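Residue-level structure breakdown
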Amino acid sequence: MVIPSNLWEFIVTSIVIIIAPGPSVLFIIARAVAWGRSTAVFSALGNVIGAFLLSVLVAIGLGPLLQRSEIAYTLVQWGGGAYLLYLGIETLKHRHLHAEEMVDGKSGHPSTKKSIRDGFFVGVLNPKTLVFFAAVLPQFIDREEGHVTAQLLFLGTAFALMAFASDGSWGLIAGTARTWLAGDKRRLIFLRSMGGYVMLLLGSLVIFAATKHALS
């Protein structure tokens, strides 16, 4: 596989993009606060799998098509915002039951499969990641070396690995703080409520931005 000659420039740019607090980072933090470190890390894993899928789509040519289509771009934004709203509502709806289960020693957190699935849909419906892959990723390939698709896949893989390291770290830090704070059922309910409200806020902001852009 051909490695682009300006790989380090891509790494620096990616780090700046990844550490900037966006929907994915705040989503992982919200999951950590609501459910703990394990759920947050597996949600981060699903998130980067979704992001990697976007890089694959860009590599085969779908990304630029979506970037040029205002309708497709808006639909992706609305879909991502709606899914965040759904996750927030589910968290708030079951916050009392989940708190009671954890206090009673039962497994109150989502399964590994569900955590990965939830993170995947947030990642694959994140328009910020799509735009980054479609508009920025191609700037770092070396056209003279050829194998453009392979280069794009390599850069997408590198981005996904860096994103997982960053988002997973956020999840571990927030989850550790959550474990320290969660001393009784009332605190657990409060923490889950905060996580749910954060996801509702993120979903609302994404939908608002998409609607504003569509009407402009």
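Let me begin by describing the structure that accompanies this report. Only a predicted model underlies this, so the values are computations on that prediction, with no experimental measurement involved. Throughout this document, residue positions are counted from 1 along each chain, in the order its sequence is written. This being a predicted model, a pLDDT of at least 70 is required before a residue's local features are given, and a value of 80 or more before pairs of side-chain atoms are given or counted; all residues contribute to the totals for chains, interfaces and linings. To get the side-chain values, take all heavy atoms of the structure and skip hydrogens and water.

**Focus on the overall build of the chain**
The secondary structure content of the chain amounts to 10 helices and zero strands. Each helix is a run of H or I in the DSSP string that is no shorter than four residues. Each strand is a run of E no shorter than two, and both are numbered from the N terminus. Starting at the N terminus and walking to the C terminus, you meet the elements of the chain as α-α-α-α-α-α-α-α-α-α. Of the roughly 10900 Å² of accessible surface on the chain, 70% is carried by carbon and sulfur atoms. Residue exposure ignores everything except the shown protein chains as possible cover, and the areas themselves are Shrake-Rupley values with a 1.4 Å probe.

**Some details on the pattern of salt bridges**
We count a salt bridge whenever a side-chain nitrogen from Lys or Arg sits within 4 Å of a carboxyl oxygen from Asp or Glu. Under the definition given, this model contains two salt bridges. Notably, a salt bridge pairs Lys114 with Asp118, separated by 2.9 Å at the nearest N-O pair. Taken together, the residues Lys114 and Asp118, both in helix H7 (residues 112–124) and four residues apart, mark about one turn of the helix.

**Considering a nonpolar patch on the surface**
Where nonpolar side chains cluster on the molecular surface, the patch consists of Ile71, Leu75 and Trp78 and spans about 330 Å² of accessible area. Residue classification places Ile71 among the exposed residues on the basis of a relative accessible area of 64%. The patch calculation keeps residues exceeding 30% relative accessible area without a salt bridge and links them within 9 Å when they carry like charges or within 5 Å when they are nonpolar (Val, Leu, Ile, Met, Phe, Trp, Tyr). For each residue, the accessible area found with a 1.4 Å probe, counting protein chains only, is set against the maximum for its type, and the residue is called buried under 20%, exposed over 50%, and partly exposed in between.

**Concerning the packing of aromatic side chains**
Geometry of aromatic contacts follows a simple scheme: Phe, Tyr and Trp rings, the Trp one being its six-membered ring, pair when their centres are within 6.5 Å, and the pair is stacked under 30 degrees between planes, edge-to-face over 60, tilted otherwise. Within this structure, the stated rule accounts for four aromatic pairs. With centroids separated by 5.5 Å and ring planes inclined at 75°, the aromatic side chains of Phe120 and Phe121 adopt a geometry described as edge-to-face. Using a relative accessible area of 22% as the deciding quantity, one classes Phe120 as partly exposed. On the accessibility criterion, Phe121 (33% relative accessible area) is partly exposed. The structure contains a cluster of three or more aromatic residues connected by ring pairs, namely Tyr83, Tyr86, Phe120 and Phe121.

**With respect to the nonpolar core**
The biggest cluster of nonpolar side chains holds 24 residues, and the ones touching the most others in it are Phe10, Phe132, Phe133, Leu137, Leu155 and Phe159. Counting residues per element, the ones that place at least two in this core are helix H1 (7–19), helix H3 (37–59), helix H8 (127–136) and helix H9 (148–181). Here this core takes seven residues from H9, the largest share from any one element. When residues no more than four places from it in sequence are discounted, the contact partners of Phe10 are Phe132, Leu137, Phe140, Leu155, Ala158, Phe159 and Met162. For the purposes of this section, nonpolar cores are sets of buried Ala, Val, Leu, Ile, Met, Phe, Trp, Tyr and Cys residues that join through side-chain atoms within 4.5 Å. Residues Ile28, Ala30, Ala32 and Ala174 belong to the second largest nonpolar core, which totals 13 residues. Whether two residues touch is decided by their heavy atoms; if any such pair falls within 4.5 Å, the residues are in contact.

**Description of the environment of Met162**
In this fold, Met162 is placed in helix H9. Discounting chain neighbours no more than four positions away, the residues touching Met162 are Phe10, Ile11, Ser14, Ile15 and Ile18.

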